[in-house]
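Each chain is listed here by its residues.
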Amino acid sequence: MSAFLTLTAANIRSFVRDRTALFWTFAFPVIFILLFGAIFSGGGTPSYSIGWVDQDGTAASALLRDGFARVPLLKLQDGSLSASLDAMRKGSLNGVVVVPKGYGAAVAAARGSSAAGAGAGAAATTGPITAGPGTVPLDVYTDPSQQTSSATIRQVVAQVVSTTNLALLGGRPILATVDRSLQTQDLSNAAFLVPGILGMALMQLGVFGAVPLVAQREKLILKRLGATPLPRWTLVGSNVVLRLLIGIGQAVLILGIGVAVFGVTVLGALWLMVAIVVLGALTFISIGYVVASFARTEDAANGIVQVIQFPMMFLSGVFFPIEIMPSVLRPVAAVLPLTYLGDALRQVMVGGSPYAPLPLDLGILSAWFVVCLAISARFFRWE
Amino acid sequence: MTGTDDAPVIEVVGLRKRYGEVLAVDGISFEVRRGEIFGLLGPNGAGKTTTVEILEGLRRPDDGTVHVLGVNAAHAPEQVKQRIGVQLQTAALYPFLTVTEVLELFRSFYARSRPTEWLVQAVDLGERRHAQTRQLSGGQRQRLSVALALVNEPELVFLDEPTTGMDPQARRSLWDLVLRLRSEGTSVLLTTHYMEEAEQLCDRVAVMDHGHVLELGTVEELVTRRFRERAVHFDTLPGLDLAELGRLPQVKRAVIEDGETVLYTSDVAATIGALLARTETLGRDPENLGIRRATLEDVFLDLTGHALRE
């Protein structure tokens, strides 16, 4: 055990002192995110498209619409509930507001009794308005993963509702907002990109691991270590632990930049994210070992690694969704492990509509891992 | 401890190893005694490396038995590895670690180990102890690889051309270290390309070629077995003709090379006595009189048909 710890410490020290390796593992993905994040994020003043679903169709509801239309931040688009929610899922709307049937009637009824019950709702104007007897629920759909837009829309809607309540009945609430979440496919570009880049970084970390391994074999370093009583599992285990630690470091760095620079909201459970990062790293490390099993020279390993990692980078939905890829390439994406790692990370970290269900993502990654492990256990040579 | 003090540290009987079509080692047998420095010589491809790797527990023999320190190296390589030291011709291990860090790392692999400072001093790397190994010169790297072979205070050390790439001074100091190890009871198996190294260090040598051991014994034995005669040489004296010299006692052959007369003889004392008696009658002493024997290099050439350094 002391040999394992000393060896792992030595590996970490070696890695930290190797500036070239440091650059490729940490600076490279960061540059990618900053570059592509800047290219893809359009900029401009924020404005939110809101689906306006008027199920009431009375003069009162039209008046409410005018109230919303006056807010410069919002652009209203009329439509039915299902069409609007659909549009929101696909990303063309940031939120949906639904005026239920019976709003006009409720307003009229309330007006009739307003003189009598003037004082009854006085206290309600100060506190948050919640649905209750005598109020009409106003459904407001937003996507919680789009933190900024979601919060802004809710705030604006609450403001308009409270103004309307005041204008209508002197403060007695008749409208209550009901917050509804809707998971949309429309990740901001950065939110889409961040898990993808993390997946790419883990892929490169693992696959490129073949190169130093082959170099160590070529330079007889593996043989020299083999002449010590050090068990081979210690050698492999320590190497894997080092790469897992680097992978977690990359995850923290890449997510940190996503959150700090691009305002990406991280949704998922931490343990699940760590588990996926570890599984992904293991899968690609095992692919690296497969490469090292068949490459005889460092140059050959480098070549094979490039052949593997370059197409994978562009065909696995790292930079853009697989749905917009040409149909001939989609079956290729469907077998690449990075597709599933990126998808799993995306689902868990930022939401969005999945390419495959999470268990399927994890299942396919595990299958790649097991197969590659078996191949390298059979074919890997120490000299 | 396994074995008694006078049991051999290495015992090879009928060792055979084949790679596909090639029979790398073809039924060799030899012993290395405790406390001796044993040289394994041979051209590239002779089977030295394969033999040594089997002894080190890195490869399994196809046939024959190999005991190292009394332990069967094929059955219990881990037990052997714990007690031997191995020096290999490798590039910088862990280029980004310092000399002491690499030594500390290797110390952690073994149940017992020498102090790092002892190791650093033993190979004269004191001034470079905090240098990363990629910054070391070839000779310094070589010295580090020797230090790594001594980390676990081994009873038996394998040195693979340990002085390659060293300047003469470093080579001399490594020889001193090897002799010091022997005096402390460590046995050494050495492969080398340098005849002088083998002659200076080795108690016994084995010459290998094509998977066979061709000759085994002390350097002296090997040389005299092949080359009975010694050469008595001196600056050529006018008045002594070659035919006359050729008739001196025990002289087999007399030649003049580069102003030097050389008499090949099977009895140096008799030849020199007769030579001096003859020169006295001339009233002159032969200048630069010396005795030379054939060298290991000559033995090697004679045995394998090519020079060792090829």
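Residues numbered from 1 in each chain as written. Chains lettered and ligands numbered in written order. Predicted model: local features only at pLDDT ≥ 70, side-chain atom pairs only at ≥ 80, totals over all residues. Heavy atoms only, no water.

As a further point, take the overall build of chain B. Looking only at helices and strands, chain B has 11 helices and 14 strands in total. Once the C-alpha set of chain B is aligned to its principal axes, its extents read approximately 75 × 45 × 40 Å. For chain B, the residues scored as buried account for 53% of the 310 residues in total. Excluding contacts between residues fewer than 6 apart, the proportion of contacts in chain B whose partners are at least 24 apart in sequence is 66%. Counting every atom, chain B has about 13600 Å² of accessible surface; 46% of that belongs to carbon and sulfur. In chain B, which carries 35 positive and 47 negative side-chain charges, the distance between the mean positions of the two groups comes to 3 Å. (Helix = DSSP H or I, 4+ residues; strand = E, 2+ residues; numbered from the N terminus. Buried < 20%, exposed > 50% of the residue type's maximum accessible area, 1.4 Å probe, protein only. Contact = heavy atoms within 4.5 Å. Areas by Shrake-Rupley, 256 points an atom, 1.4 Å probe, with all protein chains shown as cover. Lys, Arg positive; Asp, Glu negative; His and termini not counted. Charge placed at Lys NZ, Arg CZ, Asp CG, Glu CD.)

Each partner contributes residues to the interface: chain A has 22 residues there, and chain B has 28 residues. Taking both partners together, chain A and chain B bury about 2300 Å²; carbon and sulfur atoms supply 62% of that area. Where chain A touches chain B, the interface holds 3 salt bridges. Two residues, A:Arg13 and B:Glu101, come together in a salt bridge whose shortest N-O distance is 3.7 Å. Summed over the shared surface of chain A and chain B, the result is 6 residue pairs in polar contact (both at pLDDT 80 or more). Breaking the side of chain A that touches chain B down by element, the ones donating at least two residues are helix H1 (2-17) and helix H9 (221-226) of chain A. At 9 residues, the largest contribution of residues to the side of chain A that touches chain B is made by H1(A). Among the residues making up the side of chain A that touches chain B, the classes are represented as 9 nonpolar, 6 polar and 7 charged. (Buried area = accessible area lost by both parts, 1.4 Å probe. Salt bridge = Lys/Arg side-chain N within 4 Å of Asp/Glu carboxyl O. Polar contact = N/O pair within 3.5 Å; in protein donor to acceptor, adjacent residues only side chain to side chain. Nonpolar A, V, L, I, M, F, W, Y, C, P; charged D, E, K, R; others polar.)

All names here are of chain A. Between helix H8 (residues 210-218) and helix H11 (residues 270-294), the least distance of the axes is 8 Å, while the angle of their chain directions is 35°. Every pair of crossing elements has a handedness; the one defined by H8 and H11 is right-handed. Counted together, Ala210, Leu213, Val214 and Arg217 of H8 and Gly288, Tyr289, Val291 and Ala292 of H11 form the full contact between these two elements. Split by residue class, the contact of H8 with H11 holds 6 nonpolar, 1 polar and 1 charged. (Axes fitted to C-alpha atoms, helices over the stretch in contact; angles between N-to-C directions. Left-handed = near helix turned anticlockwise from the far one by under 90°.)

This next bit is on the packing of aromatic side chains. All names here are of chain A. The tally for this structure, following the rule as stated, stands at 13 aromatic pairs over all chains. Pairing phenylalanine 15 with phenylalanine 26 gives two aromatic rings, centres 6.3 Å apart and planes at 75°, and the pair type is edge-to-face. Taken together, the positions of phenylalanine 15 in helix H1 and phenylalanine 26 in helix H2 (residues 19-40) put the pair 11 residues apart, joining distant regions of the chain. Given a relative accessible area of 14%, phenylalanine 15 falls into the buried group. Their ring planes at 70° and their centres at 5.3 Å tell us that phenylalanine 310 and phenylalanine 314 sit as a pair that is edge-to-face. With phenylalanine 310 and phenylalanine 314 both in helix H12 (residues 298-315), this residue pair falls 4 residues apart, about one helical turn. In this structure phenylalanine 310 comes out as partly exposed when scored by relative accessible area, which is 46%. By relative accessible area, which is 35% here, phenylalanine 314 ends up partly exposed. A network of ring pairs unites the aromatic residues Phe23, Trp24, Phe28 and Phe32 as a single cluster. (Phe/Tyr/Trp six-rings, centres within 6.5 Å; stacked < 30°, edge-to-face > 60°.)

As a further point, take the nonpolar core. Counting residues in each nonpolar core, the largest one holds 126 residues, and the members touching the most others are A:Met200, A:Phe319, B:Leu103 and B:Phe109. Counting residues per element, this core draws most heavily on H11(A), at 13 residues. Sequence-distant contacts of B:Phe109, defined by excluding residues within four places in its chain, comprise A:Ala3, A:Leu7, A:Leu225, A:Thr228, A:Pro229, A:Leu230 and B:Gln82. (Core = buried A, V, L, I, M, F, W, Y, C linked by side-chain atoms within 4.5 Å.)

Residues and elements named next belong to chain A. Given a rise of 1.5 Å per residue, 16 residues ought to cover 22 Å, and the 22 Å separating the end C-alpha atoms of H1 matches this to within 8%. All buried positions along H1 are accounted for by Ala3, Phe4, Leu7, Thr8, Ala10, Asn11, Ser14 and Phe15. For H1, the buried positions fall inside an angular range of 160° around the axis, keeping them on one side. (Expected span 1.5 Å × (residues − 1). Arc of directions from axis to C-beta.)

What follows concerns the sheet that holds strand S5 (residues 175-181) of chain A. What links the strands of a sheet is backbone hydrogen bonding, and the strands pair in either a parallel or an antiparallel sense. All names here are of chain A. The mixed open sheet is built from 5 strands, whose spatial order is S2-S1-S3-S4-S5. Edge positions in the sheet fall to strand S2 (74-78) and S5, since each of these pairs with one other strand and no more. With strand direction ignored, the average angle separating the axes of adjacent strands in the sheet is 25°. When strand S4 (residues 136-142) meets S5, the two strands line up parallel, connected through 7 bridges. By the bridge assignment, threonine 142 is partnered in S5 with serine 181. (Pairing = 2+ DSSP bridges.)

This paragraph deals with the pairing of strand S10 (residues 212-217) of chain B. Residue and element names in this part refer to chain B. Bridge count between strand S9 (residues 204-209) and S10: 5 bridges; the pairing is antiparallel. Looking at S10, one finds that valine 207 is bridged to glutamate 215. With antiparallel pairing between neighbouring strands as the criterion, S9 and S10 make up a hairpin whose turn holds 2 residues, including histidine 210 at a positive phi of roughly 50°.

On the surface, a nonpolar cluster with roughly 530 Å² of combined accessible area is contributed by A:Phe23, A:Trp24, A:Ile31, A:Leu35 and A:Ile39. Assignment of secondary structure puts A:Trp24 in helix H2. (Patch = residues over 30% accessible without salt bridge, like charges linked within 9 Å, V, L, I, M, F, W, Y side chains within 5 Å.)

We now examine the domain arrangement of chain B. Considered domain by domain, chain B is made up of domain 1 (10-224) and domain 2 (228-292). Distance between the C-alpha centres of domain 1 of chain B and domain 2 of chain B: 43 Å. (Domains from an automatic or database assignment.)

So, about the sheet that holds strand S12 (residues 251-257) of chain B. Residues and elements named next belong to chain B. With antiparallel pairing, the 4 strands of this open sheet are ordered in space as S12-S13-S11-S14. Among the strands making up the open sheet, the edge pair consists of S12 and strand S14 (290-292). The mean inter-strand angle of the sheet, taken between neighbouring strand axes irrespective of direction, is 25°. Inspection of the sheet shows S12 paired to strand S13 (residues 260-265) by 6 bridges, in the antiparallel sense. Paired with alanine 254 across the two strands is leucine 263, which belongs to S13. Contacts between helix H10 (residues 268-282) and the sheet are confined to strand S11 (230-235), S12, S13 and S14, with S11 contributing the most and set at about 25° to the helix.

The next point concerns the pairing of strand S4 (residues 63-68) of chain B. In the case of a regular strand, side chains alternate between the two sheet surfaces. All names here are of chain B. Bridge count for strand S1 (residues 10-19) against S4 is 5 bridges, and the pairing is antiparallel. Note on S4: the bridge partner recorded for arginine 16 is aspartate 63. Relative to strand S5 (residues 71-72), S4 is paired through 2 bridges, and the arrangement is antiparallel. By the bridge assignment, valine 68 is partnered in S5 with valine 71.

Turning to the pattern of salt bridges, a few remarks are in order. Residues and elements named next belong to chain B. Scanning the entire structure with this criterion turns up 21 salt bridges over all chains. Among the ionic pairs, glutamate 53 bridges to arginine 59, the shortest N-O distance being 2.3 Å. Residue arginine 59 is classed as partly exposed on the basis of its relative accessible area of 22%. Note that arginine 225 is salt-bridged to glutamate 215, the shortest N-O span being 2.6 Å. Here arginine 225 is found in helix H8 (residues 219-226), whereas its partner glutamate 215 is found in strand S10, with 10 residues between them in sequence.

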